[in-house]
Amino acid sequence: MGYKLVTYDAGKGPRAGIIAGARLIDAADASGNAAYATMLGILADWTAADKRLAELAADAGTKGGAIDWKQILAPVPRPGAIYCAGANYGDHVREMNAAQGRGPEPDPHTLGLKPWHFIKSVHAVVGPGTAVKIPPATKKMDWEVELAAVIGTKAKNVSEADALKHVAGYTVSNDLSARDLGWRPPVP
């Protein structure tokens, strides 16, 4: 049986857990490893943690309790970093150019340009259902549903063929951008 990683609050503050079937299991309590009380603790030991948590999920039986979705928090409440890929698909680039009154740009790949990236503050992470205060300085807040990959092992100069070996999992993200406060030059 597979499992899903979650961070939840059952009255003792944020805790890392696994969902196996219809059960929510506290990762630290079930594994006997106190470091697994947080998602960052699990990710710091990802290779061993993945194996151990998979074993716990396979033997879920009566461990843990029923899932109360109101207890579920952001999966990684304070990640080490958040890296984002900008303009990584054509429809979005065309939409943003139209919104800024610009014509279509040439495909950056055909010009030999490299992808561009940006970072988000790790303090921008909130859990499901959390209200987000929009700064009064912006008049053009935009949102985008994104697929977020959670990296489970340290990686540097990884080949494309080996990249997925470093992914611990995926989650859904709602990326908010103040379009009138940020600017990037057009592609030449």
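This section reports on the structure supplied with the text.

Definitions and cut-offs
Residues numbered from 1 in each chain as written. Predicted model: local features only at pLDDT ≥ 70, side-chain atom pairs only at ≥ 80, totals over all residues. Heavy atoms only, no water. Helix = DSSP H or I, 4+ residues; strand = E, 2+ residues; numbered from the N terminus. Buried < 20%, exposed > 50% of the residue type's maximum accessible area, 1.4 Å probe, protein only. Polar contact = N/O pair within 3.5 Å; in protein donor to acceptor, adjacent residues only side chain to side chain. Contact = heavy atoms within 4.5 Å. Pairing = 2+ DSSP bridges. Axes fitted to C-alpha atoms, helices over the stretch in contact; angles between N-to-C directions.

### Focus: unusual backbone geometry
No. 1: With a phi angle near 50 degrees, N157 is a residue other than glycine that sits in the positive phi range.
No. 2: One can find N157 in the loop between β7 (141-151) and β8 (167-178).
No. 3: For N157, a relative accessible area of 75% puts it in the exposed group.

### A few points about the side chain of T138
No. 1: Here T138 shows up in the loop between β6 (116-120) and β7.
No. 2: Judged by relative accessible area, which is 9%, T138 ranks as buried.
No. 3: In this structure the side chain of T138 is engaged in a polar contact, spanning 3.2 Å, whose partner is the backbone nitrogen of K140.
No. 4: Not counting the four nearest positions on each side in its chain, T138 is found in contact with A178, D180 and L181.

### A word on the sheet that holds strand β4 (residues 65-66)
No. 1: Across the sheet, which stays open at both edges, the four strands sit in the order β1-β2-β3-β4 with antiparallel pairing between neighbours. The open sheet has two edge strands, β1 (4-9) and β4, and neither has a second partner.
No. 2: Here β1 runs beside strand β2 (residues 14-20); their pairing, made up of six bridges, is antiparallel. Across the sheet, residue D9 finds its bridge partner in β2, namely P14.
No. 3: Helix α3 (residues 46-58) contacts β1 and β2 of the sheet and is inclined by roughly 55 degrees relative to β2.

### Here we look at the pairing of β2
The side chains of a regular strand alternate, first on one face of the sheet and then on the other.
No. 1: Burial within β2 is extensive, with six of its seven residues counted as buried.
No. 2: Linking two consecutive strands that pair antiparallel, namely β1 and β2, is a turn of four residues; a positive phi of about 100 degrees is found at G11 within it.
No. 3: Note: β2 against strand β3 (residues 23-26), four bridges, orientation antiparallel. Across the sheet, the residue bridging to I19 is L24, located in β3.
No. 4: Two successive antiparallel strands, β2 and β3, enclose a turn made up of two residues, where G21 displays a positive phi of approximately 65 degrees.

So, to be careful, I would describe these as geometric facts and stop short of saying anything about function.
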